[in-house]
Amino acid sequence: MAENSTAQNGSLGSGATSPQMSEKLLILHVLVGIFLYVNCLMIFTFFKKEVFRNDVRYILFVHTLFCDSLFLVLTNVQLVLSRTNVPILVGLCLCLNMVMSLLTFSTPLTLMAMSLERYVAICMPLRHAEISTASKAVRCIPVIHALSSIQLISFTSILISIVPSSFYMEKRLCNVEIFTVHKWQGHLRSAILQLYFVVMSSVIVFTYVKIMRAAKLASTDKKKSASKGLRTVALHAIQLMLCLIQLWCPFIEMVILEIDLQLFMNVRYFNYIVFILVPRCLSPLVYGLRDDKFFLVLKYYALCGLCKKISPVIILSKKRTNIVFIKT
């Protein structure tokens, strides 16, 4: 089965030199470049202001930025290697896919944690300050990666036990399909993905329903905050759904690959944009552009302080956090 995948990938790579494919790769590079620039700017903004570093929402937000940026760099590298028909050592390809597998689950799990944080803030406001602290958010990140590694550990352990050591020294086109030696490996992977899908979807639905009820019962003063939290969770739900659909893409692509090679290439290109790029572009939208506090500081640094020759200063009070500008 691995040999068949290699042969098919070789055909895929040889067809990648066409002008149409070169144009598609150029478009992807431009989109990824824009995404990485925006992410780096937001990460810089996060570290420049202490108030962001002490807020659970922004700590989890910047964690998604790190994960998404690294994931896109690695997927872009793998895409270029595949389309240019460049074989690499299987062992190196395995390491690349292990990191990508870890990052694939890190983003949706972080989104789940961010939705839970909004649930606590709106439905349990008296306990929010106690539960949602910066130290707990930092400790939550290793837990997220531990949960992300369940599929990785099981898949890698099985692979090591069924293939000879010489397998890792072979040179092949880097693709996750070359590690599916037996059909039952795909079934096991599918079962684990379904478990992730059910758990994360259930959490998102639970938080959305609870916040929706809280928004209906909230007083006039708190209704605006609850409604904004409801929209945030709704965006998380869309983002998470796209990330979860991405988990099913390899299975769909493998079926299409048996039918038509050109259709497979078009579907994989479509899946990359819709289910990998788009959900990771929503993170900057949810907490970067929709958040007034973060957006003002981001705008200042994006324009290198030239907008009004003013500097953003964050003022903290017991009731709210404000940003004002002072002349420099």
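From a predicted model like this one, the values you see are computed outputs, not experimental measurements. (Residues numbered from 1 in each chain as written. Predicted model: local features only at pLDDT ≥ 70, side-chain atom pairs only at ≥ 80, totals over all residues. Heavy atoms only, no water.)

Asks: Help me understand the packing of aromatic side chains in this model?
Replies: The geometry of two aromatic rings is summed up by the distance between their centres and the angle between their planes. This model, assessed by the stated rule, comprises 11 aromatic pairs. Between Tyr-58 and Phe-294, the ring centres sit 5.7 Å apart and the planes meet at 15°, which makes this aromatic pair stacked. Of this pair, Tyr-58 sits in helix α4 (residues 56-83) while Phe-294 sits in helix α11 (residues 292-302), and the two are 236 residues apart along the sequence. Judged by its relative accessible area of 0%, Phe-294 falls in the buried class. Summarising the aromatic geometry, the rings of Phe-167 and Phe-179 are spaced 6.5 Å apart at their centres and angled 80° between planes, so their arrangement reads as edge-to-face. Of this pair, Phe-167 sits in the loop between α7 (134-162) and β2 (171-172) while Phe-179 is found in the loop between β2 and α8 (183-217), placing the two residues 12 residues apart along the sequence. With respect to class, Phe-167 is no different from Phe-179; both count as buried. The structure contains a cluster of three or more aromatic residues connected by ring pairs, namely Phe-52, Tyr-58, Phe-61 and Phe-294. (Phe/Tyr/Trp six-rings, centres within 6.5 Å; stacked < 30°, edge-to-face > 60°. Helix = DSSP H or I, 4+ residues; strand = E, 2+ residues; numbered from the N terminus. Buried < 20%, exposed > 50% of the residue type's maximum accessible area, 1.4 Å probe, protein only.)

Asks: Would you explain α7 in this entry?
Replies: Note that an α-helix has 3.6 residues per turn; residues three or four places apart therefore point the same way. Relative to the 42 Å expected for 29 residues at 1.5 Å per residue, α7 spans 43 Å between its end C-alpha atoms, a close match to the ideal helical length. The inward-facing, buried residues of α7 abut α4, α5 (90-123) and α8. (Expected span 1.5 Å × (residues − 1). Contact = heavy atoms within 4.5 Å.)

Asks: Quick question: what am I supposed to make of the state of the cysteines here?
Replies: By definition, a disulfide links two cysteine residues through a covalent bond between their sulfur atoms. The tally for this structure, following the rule as stated, stands at one disulfide. The disulfide partner of Cys-93 is Cys-174, and the S-S distance across this bridge is 2.2 Å. When the S-S torsion is 85°, as for the bridge of Cys-93 with Cys-174, the disulfide is right-handed. Pair noted here: Cys-93 is in helix α5 and Cys-174 is in the loop between β2 and α8, with a separation of 81 residues, a long-range link. Using a relative accessible area of 1% as the deciding quantity, one classes Cys-93 as buried. Cys-95 takes part in no disulfide bond, and the closest cysteine sulfur to it belongs to Cys-93, at a distance of 9.3 Å. (Disulfide = S-S within 2.5 Å.)

Asks: Is there a simple way to think about empty space enclosed by the protein in this case?
Replies: Over the atoms, a rolling probe the size of a water molecule traces out where space has been left empty. Across all of its chains, the model carries two cavities of 30 Å³ or more by this definition. When its volume is computed, the largest cavity comes out at roughly 780 Å³. Together, 37 residues line the largest cavity, and Gln-78, Asn-97, Met-100, Val-176 and Pro-250 are the ones closest to its centre. Within the residue set of the lining of the largest cavity, elements represented by two or more residues are α2 (19-48), α4, α5, α7, α8, α9 (220-257) and α10 (261-289). Among the elements that line the lining of the largest cavity, the one with the most residues is α5, at seven residues. (1 Å grid on protein atoms, 1.4 Å probe; cavity = no way out; pocket = protein on both sides within 12 Å on 5 of 7 lines; lining within 4 Å. Points joined across faces, edges and corners; volume = space filled by probe spheres on them.)

Asks: Sorry, what's going on with the confidence of the model for the chain here?
Replies: Any residue range with low pLDDT should be treated as having predicted coordinates unsuitable for detailed reading. Counting all residues, the mean pLDDT for the chain is 78, and 83% of those residues have values of 70 or more. Scored below 50 in pLDDT, residues 1-17 shows 34 contacts in the model against residues more than four places distant or in partner chains. With pLDDT under 50 throughout, residues 314-328 is counted as low confidence; its partners more than four residues away or in other chains account for 36 contacts. (pLDDT = per-residue confidence, 0-100.)

Asks: Quick question: what am I supposed to make of α5 here?
Replies: With 34 residues, α5 ought to run about 50 Å at 1.5 Å a step, and its terminal C-alpha atoms sit 49 Å apart, in line with that. With respect to burial, α5 is a largely interior element, 27 of its 34 residues being buried.

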